[in-house]
Amino acid sequence: MKTYLFIRSILLFALCLTTAHCASSNGKQADEITANDQRIDSIISVMTMEEKVAMLCGNGLFTSPGIERLGIGEIHYTDGPFGIREELGKKSWGSIGLTTDSATFLPTGSALAACWNPELAFQYGVTIGAEARTRGKDILLGPAINITRTPLNGRTFEYMSEDPYLNSRLAVAYIKGVQSNGIASCVKHYAANNQETQRGQMDVLMDERTLQEIYLPAFKAAVTEGGAYAVMAAYNKFRGEYCAENDYLLNKILKQDWNFKGMVMSDWGGTHSTVRSALAGLDVEMGSEEFFTKGLLDSAKNGFVPESVINDKVKRILRVYFATRQKSTVPGQQVSTPAHMKTVYDIACQTVVLLKNSKNILPLRIQKVKTLAVIGDNAIQKHAAGGFGAGVKARYEITPLEGLKNRIGNSAKIEFAQGYKPKYSRGEGPGQIPDTKPDKALIAEAASLAKQADAVILFVGNNREVETEATDRPDLIMPFGQDELIRAVTAANPNTVIVVVAGAPVDLQTADSSASALLWSGFNGSEGGNALADVILGKVNPSGKLPFTIPVSLKDSPAHALDAFPGKGEENYTESILVGYRWFDTKNIQPRYCFGYGLSYTQFDFADVQTDKKTYTNQDMIKVSLQVKNKGKSDGHETVQLYVSDLGQGVNKAKQELKAFKKISVPAGKSTGVTLELAASDLSWYDEKQMKWVLSPGRYRLSVGSSSRDIKGSIEIDIE
Ligand code: BGC
């Protein structure tokens with residue numbers, strides 16, 4: 001009787017958690033997860049070892065078991081990170097063919113990062129969280145925040161940027177948005193999963209400073225500031241041990257140093273051992289049912305894995321379970337609502353980067369155009385799905401050609417030529433190998449259409465077969481002979497705008513030398529085509545900034561310059577902290593387009609750069625203020641970027657590092673005051689000898705600019 005009453009009270013408590021209203025309060029998320037600890041301890045005290053161990057391994061591809069007797073339901077997981085994945089079989093990767101599982105396709109990670117806008121990243125999270133909730137999920141497998149170490153990484157489009165600070169700000173906002181809707185955000189892939197080549201075996205080696213300064217900060221922020229409820233261990237090894245059985249990464253750094261209270265799951269099929277993984281801090285085996293099943297039960301019963309360790313794992317899972325259920329549920333069916341589509345449109349508008357407009361042919365004056373030639377397969381490609389791994393069955397996806405037709409209507413005649421056809425051959429891995437040969441007939445057809453048109457928009461770049469999980473790209477060159485298409489079309493009609501659609505850097509040599517107008521668009525979500533058309537036609541002033549460096553040649557990129565990619569069995573990050581622009585700036589290498597770069601249809605002046613003080617101590621906040629004037633004729637957004645250089649001689653550092661940024665909107669002809677804040681301690685570096693962050697006293701230069709290389713003003717300060 002006593003047990004019955006006890007269990008009943010637990011059930012009632014669970015129910016009350018399910019319905020309790022909880023206003024979304026971002027700051028408190030880190031505490032929310034431990035709010036039910038006492039109750040959880042009581043639950044654990046009545047569980048058998050069999051019940052406990054059963055919770056530690058997925059019982060399907062995207063579910064893990066609850067405890068029916070105690071009213072704890074199954075946990076439902078979903079990919080992530082740019083929309084809710086369609087429903088697959090319980091134990092098979094095939095679609096189960098539902099007609100009710102379409103969702104909003106949100107711009108992928110690198111596109112979101114090009115917004116440089118944490119508020120939009122928050123809205124992004126709110127949207128995907130609401131859709132996950134509507135679909136009955138508990139855990140969203142996102143955001144994906146690995147650093148863009150090489151432009152060839154097949155997952156660059158899913159990840160955000162080459163800079164740990166930009167990644168941190170966006171990840172924190174995204175996670176808070178997701179979790180405000182009662183969905184746990186599972187940040188992935190922890191850690192140093194920076195390539196797909198041999199990802200399942202590769203042993204990543206780097207010095208401790210590089211780990212702490214480049215590869216960990218976004219994960220740390222995701223956990224300590226974002227309050228992420230879950231973390232996914234990466235496939236690769238780190239310093240000789242798989243990430244899913246890496247005591248240093250999981251127990252020491254994540255759970256001890258960062259005080260992470262949530263659950264750690266393996267990447268799918270990324271568990272390799274039983275006792276070792278259990279003791280190293282892995283809580284749940286996902287994507288396989290091999291190690292945390294009978295073997296773990298036996299090991300626990302025989303004392304190889306102490307019961308306290310098993311209890312801790314169950315506790316972490318139940319924390320996530322209850323923390324997600326105590327938020328107010330999303331009312332009604334919230335998938336691809338007008339509000340969601342408005343959010344993805346707003347994001348898509350801000351992701352588009354204007355790389356070049358030297359003859360001011362953008363925005364396109366459509367009144368002067370009778371015939372518009374739209375050329376290139378990427379004008380009609382959809383990017384919500386494709387390749388290997390997670391995608392979205394998009395409720396709809398507006399292609400660039402559809403967007404242009406929607407916006408231009410009958411004001412001009414739009415003619416289309418494909419220009420190139422994506423063709424592939426089968427490789428050894430799961431990915432396909434894109435053909436490189438130009439299609440002469442399609443090119444001739446495109447050039448002849450271009451010749452007759454008043455203006456041309458040429459869509460080139462990559463697609464989701466070319467950029468994919470599980471395979472890195474072989475080089476930077478745009479496949480399918482697109483460079484030859486570019487040459488032919490621009491020769492036929494100089495009034496050509498090139499739009500590069502890609503989630504990762506590509507070789508822009510031909511595009512850059514052939515056209516006076518160049519736009520970059522990521523895989524831009526359900527409303528991508530409409531947003532792009534609005535940018536091209538001038539309804540939206542472009543404000544995207546590159547989240548990574550576009551090199552002149554692959555050999556200029558650090559990992560490639562040092563022949564430190566892709567490695568064989570071992571991957572030694574010999575470029576250490578000099579990743580992305582840190583390398584290009586320090587080594588004085590001119591990129592084709594630098595990190596943080598992006599033009600607007602208007603121009604901005606920066607003036608009156610000031611700091612609140614001249615000298616600071618470790619405890620201080622540094623305030624940098626300036627005036628930004630929009631001196632053009634159209635309203636626009638500018639992203640003010642603050643880079644810091646250590647002028648002392650003592651420690652090897654990158655020439656400059658991004659430490660703050662703010663995206664602002666400035667009406668035409670007006671000025672706006674901007675204040676950027678950073679903690680003096682943000683100027684610290686990680687000292688391997690002392691194993692701690694150190695703020696070196698001395699002089700520092702704070703530079704504000706509209707990109708990493710367009711510095712508009714700087715000021716020197718001292719740290720005492
Ligand atoms: C990917 C993860 C993904 C998981 C489940 C893995 O192959 O690396 O990012 O969440 O599959 O689909």
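Values in this document were obtained by computation on a predicted structure and should not be read as measured data.

Novice: What should I look at first to understand the state of the cysteines in this one?
Specialist: Chemically, a disulfide is nothing more than a covalent bond linking the sulfur atoms of two cysteines. Per the stated rule, a full pass over the model turns up 0 disulfides. Here Cys-594 is not cross-linked by a disulfide; its sulfur's nearest cysteine counterpart is in Cys-115, at 18 Å.

Novice: It is not clear to me how the side chain of Asn-530 should be interpreted in this structure. Could you clarify?
Specialist: Among the secondary structure elements, Asn-530 is positioned in helix H19 (residues 528-537). A polar contact of 3.0 Å, which involves the side chain of Asn-530, links it to the side chain of Asn-406. When neighbours within four sequence positions are excluded, Asn-530 is seen to be in contact with Tyr-345, Ile-398, Gly-403, Asn-406 and Arg-407.

Novice: What am I meant to see in the site of the ligand here?
Specialist: Taken together, 14 residues lie around the ligand, and Asp-79, Arg-155, His-189, Asp-267 and Glu-469 are the ones closest in. Within the side chain of Glu-469, one N or O atom sits 2.6 Å away from an oxygen atom of the ligand.

Novice: For this particular structure, what's the right way to read the confidence of the model for the protein chain?
Specialist: If pLDDT is low for a region, its predicted coordinates should not be looked at in detail. The predicted model of the protein chain averages 94 in pLDDT, with 95% of residues at 70 or higher. Confidence scores differ between elements of the protein chain, with helix H1 (residues 2-19) showing the lowest mean pLDDT of 38 and strand S9 (residues 263-266) the highest of 99.

Novice: What is the right way to look at unusual backbone geometry in this model?
Specialist: The peptide bond linking Gly-142 to Pro-143 adopts the cis configuration, its omega dihedral lying at 5°. Here Pro-143 shows up in the loop between strand S3 (139-141) and helix H7 (164-179). Here the amide bond leading from Phe-565 into Pro-566 is cis, since omega sits at 5°, within 30 degrees of zero. One non-glycine residue with positive phi stands out, namely Asn-360, at about 50°. Looking at the element boundaries, Asn-360 is found in the loop between strand S10 (353-357) and strand S11 (371-375). Residue Met-691 is not a glycine yet carries a positive backbone phi of 55°. Secondary-structure assignment places Met-691 in the loop between strand S25 (685-687) and strand S26 (692-694).

Novice: Which parts of the structure should I look at to understand helix H16 (residues 440-452)?
Specialist: Side chains of residues three or four places apart in an α-helix project in the same direction, reflecting 3.6 residues per turn. Between the first and last C-alpha of H16 there are 19 Å, a value that for 13 residues agrees with the 18 Å anticipated at 1.5 Å per step. What H16 keeps buried is the set Leu-442, Ile-443, Ala-446, Ala-447, Leu-449 and Ala-450. Buried residues of H16, viewed axially, fall in a sector of 165°; they line one side. In H16, the exposed positions angled more than 90 degrees off the buried face are occupied by Lys-440, Ala-441, Lys-451 and Gln-452. In this fold, the buried residues of H16 make contact with S11, strand S12 (413-417), strand S15 (455-461) and helix H17 (482-492).

Criteria and cut-off values
Residues numbered from 1 in each chain as written. Predicted model: local features only at pLDDT ≥ 70, side-chain atom pairs only at ≥ 80, totals over all residues. Heavy atoms only, no water. Disulfide = S-S within 2.5 Å. Helix = DSSP H or I, 4+ residues; strand = E, 2+ residues; numbered from the N terminus. Polar contact = N/O pair within 3.5 Å; in protein donor to acceptor, adjacent residues only side chain to side chain. Contact = heavy atoms within 4.5 Å. Near = heavy atom within 4 Å. pLDDT = per-residue confidence, 0-100. Expected span 1.5 Å × (residues − 1). Buried < 20%, exposed > 50% of the residue type's maximum accessible area, 1.4 Å probe, protein only. Arc of directions from axis to C-beta.

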